[in-house]
Amino acid sequence: PGMPHGKPAGVPCVQLMPDLKCAIFGHPERPAVCSGLQPSAEMCGSDRESAIRWLAALENETRPV
C-alpha cells in the first residue's frame, strides 16, 4: 500500500525499509515527486543529520495550507 493522500511532513514514507532504502526504487509505481528529487551537495550536507534537517525544512516549506 502506498500513501494515496501524500506523505505528511515528519512522517516516514511507508515504502522506507529498515535499512532506509526505498522499497519501490526504480519501479513504475514510485511517485514522480520521488524520482524528480535529485540529491545535491546542498541537500545532503556533510552527514545524515544535515540531510534530514534539509529535507525537514523542504517538507515544511512545501506543506499544503
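Above this text is the structure in question.
Residues numbered from 1 in each chain as written. Predicted model: local features only at pLDDT ≥ 70, side-chain atom pairs only at ≥ 80, totals over all residues. Heavy atoms only, no water.

Time to look at the overall build of the protein chain. Per the secondary structure count, the protein chain includes 3 helices and 0 strands. The N-to-C order of helical and strand elements in the protein chain reads α-α-α. Its C-alpha atoms give the protein chain principal-axis dimensions of about 30 × 30 × 20 Å. For the protein chain, the proportion of its 65 residues judged to be buried stands at 8%. (Helix = DSSP H or I, 4+ residues; strand = E, 2+ residues; numbered from the N terminus. Buried < 20%, exposed > 50% of the residue type's maximum accessible area, 1.4 Å probe, protein only.)

Let's shift gears to a nonpolar patch on the surface. On the surface, Leu37, Ile52 and Leu55 cluster together into a nonpolar patch covering about 220 Å² of accessible area. Of note, Leu55 is situated in helix 3 (residues 48–61). (Patch = residues over 30% accessible without salt bridge, like charges linked within 9 Å, V, L, I, M, F, W, Y side chains within 5 Å. Areas by Shrake-Rupley, 256 points an atom, 1.4 Å probe, with all protein chains shown as cover. Salt bridge = Lys/Arg side-chain N within 4 Å of Asp/Glu carboxyl O.)

The next subject is the layout of surface pockets. The computed volume of the largest pocket comes to approximately 1,600 Å³. Together, 37 residues line the largest pocket, and Lys7, Cys13, Cys34, Leu37 and Leu55 are the ones closest to its centre. Elements supplying a minimum of two residues to the lining of the largest pocket: helix 1 (32–36), helix 2 (41–44) and helix 3. Broken down by element, the lining of the largest pocket gets its largest block of residues, 7 residues, from helix 3. Classifying every residue of the lining of the largest pocket by side-chain character gives 25 nonpolar, 6 polar and 6 charged. (1 Å grid on protein atoms, 1.4 Å probe; cavity = no way out; pocket = protein on both sides within 12 Å on 5 of 7 lines; lining within 4 Å. Points joined across faces, edges and corners; volume = space filled by probe spheres on them. Nonpolar A, V, L, I, M, F, W, Y, C, P; charged D, E, K, R; others polar.)

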